[in-house]
Amino acid sequence: MSATTATRPAARRTDPLLRARRIAGRTGLYAAGLAVFAFSVFPVYWMIATAFKPGGELFAREPTLLPRNPTLDNFDQVVNGNVIPGVDFWQFLVNSLTVTLGSVAVGAVLALLAAIAVARFRFRLRTTLIVTLMVVQMVPVEALIISIFINFRQIQEGTGVELLGTLTGLVLAYSAVSLPITIMMLRGFVAAVPKELEEAAAIDGAGHWTVFWRILMPLVAPGLVAASIFAFITAWNEFIIALTFLGRSSETYTLPLTLSYYFGRYGTDWGSIMAASSLLTVPVMIFFLFVQRRMVSGLTMGAVKG
Amino acid sequence: MSAATGTAPAPRARAAERAQGWALRAPLLPALVFTVVVTQLPFLVTVFYSLQSWNLLRPGSRTFVGPANYLAVFTDAQFLGAASNTVLFTAACVLVSMALGVGLAMLLDRRFPGRGVVRTLLITPFLIIPVATALLWKTTMFDPVFGLVGFVLTPFGLGDVDWVSQYPLVSVVTAMVWQWTPFMMLLVLAGLQSQGRDVIEAGQVDGASRWQMFVGITLPHLRRYIELGVLLGSIYVVNTFDTIYMMTQGGPGTASANLPFYIYQRTFLGFDIGQSAAMGVVVVVGTIIVATLALRLIFRSFMSAQEGIS
């Protein structure tokens, strides 16, 4: 390779035609980059801009880049408009937060313990378990919710514990959905902690809890954060389970479900729809921007190096 | 450690070690059992349901029918249509968003003023709730009269196209590519930044062209990151439900229904548990096969290109 191409850099520097082609190529590359950038970013801007536009400006033949008379009416409509009669907007927010944080907490504890078990201890069927976890990760939610839905129904009929149409059922279902991937993410982190470190601490007289809290936890914490963010986003965005499990109990609806009602009720009022979309999205955006690096390192560490 | 165990009599130490091992494992057991119950069992139960004829609307209709549901599924034209839509959505979305993601990541890997801000802005589509993404594209973007896409494309004579109803597949794929590009970009960027500078410098010293460097050095290094992106992307895109539900409702007719949407219709509007479960199982097997094949295919072509150079 070096023998055949060794003369090329010199040639490239002198040949004006090649240089022109390179400049043209680079310009093309940057133009393409700019186009993709616009494709990615502009719709987000447009969503937020539309949210501030009053009714008249929404449906103009010549759309304006900035709202001419920015207004908060659309947001007011979202918060005070009672899209589903009898239920406050804040109730939906509380529902979403309850379900999301609940499933993140349940999921984090279970995933951590299961990941330690899978990464640290040899037991019969360990490999089988790891493989099936990976396979389950690929199982479409639609295939799982049929049986979860039926099982919840049967539990409800058998024991009277309400799982459909309640937030408890949703927390359980969401934890189950994100567990396989969070366990796989955490497994890499637990496996990366040198066993000798724990043994050394044990020799120094540390009990199991001390080893767990002082040695393992600080090293696994970044992975736990990454897994939690992942579970958070999954639960916050989740739609089909909420749609099918909550049924008609509108007082338990989560925000994505509420958003779909906005479209049903105010289909032509883009201002409100975009205001609602912005309102649900911007907090997640701000939160994620603080933690994004951890999430990517968590994803790649668990899966690429695991 | 060896000093501590060396002095103790062997059998007693082993017994103590075993007891200690169990003391360590016991607290983990419930978590493991719960995980197995909630993640593995539903799938097995789904397989079990798929062998039965069972409609919730007809109580007492539940009977064991063996593989009949699978036969019915594979001769169901709507299912086959939804399956081919799913493959199309997934392949188009994953490949296009990965290509765009690699491109953006390569650009972001260079130093330029405002890089952090650009990077942050580029991630935002991934953070929008999928339901909101679907609404954004359906209304303000693709609306035939007041949509931005029509406005931008008017000079090209495409101003009056009703994208969502005339080209539902293109519309849905566009929205999904938009949503998934940042995810691919983030993964590839993580891969690029873990690449050693010395390898690149060595390549430059050897006089490799940009393209040769990309195919010969960068791409093989990115392989595991791209694989991961394709794999996770496929898994999630195959499962896309909210975008279809909000944008097209699977329509017009069943033109843009994918498998999750069709399964949803059959389960929760038709209450046909047996056949829906069979479809779910088929989707699982299909996802695994397609994801594995896609990975092989992509990398065989790249790897042969690499061998051609070196």
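Residues numbered from 1 in each chain as written. Chains lettered and ligands numbered in written order. Predicted model: local features only at pLDDT ≥ 70, side-chain atom pairs only at ≥ 80, totals over all residues. Heavy atoms only, no water.

What follows is about the packing of aromatic side chains. Counted by the stated rule, this structure contains 33 aromatic pairs over all chains. Taken together, a centroid distance of 5.6 Å and an interplanar angle of 45° make the contact between Phe-42 of chain A and Tyr-45 of chain A tilted. Highlighted residues: Phe-42 of chain A and Tyr-45 of chain A, both in helix H3 (residues 16–51), separated by three residues, approximately one helical turn. With relative accessibility at 29%, the residue Phe-42 of chain A sits in the partly exposed group. Note on Tyr-45 of chain A: relative accessible area 29%, which makes it partly exposed. Lying across the ring of Trp-54 of chain B, Arg-62 of chain B places its NZ or CZ 3.9 Å from the centre. (Phe/Tyr/Trp six-rings, centres within 6.5 Å; stacked < 30°, edge-to-face > 60°. Helix = DSSP H or I, 4+ residues; strand = E, 2+ residues; numbered from the N terminus. Buried < 20%, exposed > 50% of the residue type's maximum accessible area, 1.4 Å probe, protein only. Lys NZ or Arg CZ within 6 Å of the ring centre and 35° of its normal.)

Residues and elements named next belong to chain B. Taken from the UniProt record, the annotation "transmembrane region" (unreviewed entry) applies to residues 31–51, 87–108, 120–137, 169–192, 228–247 and 277–299. Between the end C-alpha atoms of residues 87–108 there is a gap of 31 Å, over a span that is 100% helix and 0% strand. Along residues 228–247, the helical share is 85% and the strand share 0%, with 28 Å between the first and last C-alpha atoms. (UniProt positions renumbered as here; feature names shortened; annotations may be inferred.)

If you roll a probe as big as a water molecule over the atoms, it shows you where there is empty space left. In this structure the tally under the stated criterion is five cavities of 30 Å³ or more. Taken as a whole, the largest cavity encloses approximately 850 Å³ of empty space. Lining the largest cavity we find 40 residues, and of these Val-141 and Thr-234 of chain A together with Trp-180, Tyr-236 and Asn-239 of chain B sit closest to its centre. Along the lines of polarity and charge, the residues of the lining of the largest cavity split into 28 nonpolar, nine polar and three charged. Looking at the second largest cavity, its volume works out to about 80 Å³. (1 Å grid on protein atoms, 1.4 Å probe; cavity = no way out; pocket = protein on both sides within 12 Å on 5 of 7 lines; lining within 4 Å. Points joined across faces, edges and corners; volume = space filled by probe spheres on them. Nonpolar A, V, L, I, M, F, W, Y, C, P; charged D, E, K, R; others polar.)

Residues and elements named next belong to chain A. Residues with a pLDDT of 70 or more make up 88% of chain A, whose mean pLDDT is 80. Looking at the elements of chain A, mean pLDDT is at its lowest for helix H1 (residues 2–5), recorded as 46, and at its highest for helix H12 (residues 240–246), recorded as 90. Note on residues 1–7: pLDDT under 50 across the span, and six contacts to partners over four residues away in sequence or across chains. (pLDDT = per-residue confidence, 0-100. Contact = heavy atoms within 4.5 Å.)

A few words on the interface of chain A and chain B. Tallying the contact residues gives 95 residues for chain A and 93 residues for chain B. Taken over both partners, the interface formed by chain A and chain B buries close to 8600 Å², and the fraction arising from carbon and sulfur atoms is 78%. For the interface between chain A and chain B, the tally reads zero salt bridges. Our count for the chain A to chain B interface comes out at six residue pairs in polar contact (both at pLDDT 80 or more). It is helix H14 (residues 270–304) of chain A that provides the largest number of residues to the side of chain A that touches chain B, a total of 17 residues. Grouping the amino acids of the side of chain A that touches chain B by side-chain chemistry returns 66 nonpolar, 18 polar and 11 charged. (Buried area = accessible area lost by both parts, 1.4 Å probe. Salt bridge = Lys/Arg side-chain N within 4 Å of Asp/Glu carboxyl O. Polar contact = N/O pair within 3.5 Å; in protein donor to acceptor, adjacent residues only side chain to side chain.)

In this fold, Asn-237 of chain A is placed in helix H11 (residues 208–237). Judged by its relative accessible area of 12%, Asn-237 of chain A falls in the buried class. Those residues in contact with Asn-237 of chain A that lie beyond four places of it in its chain are Pro-256 of chain A together with Ile-129, Pro-130 and Asp-242 of chain B.

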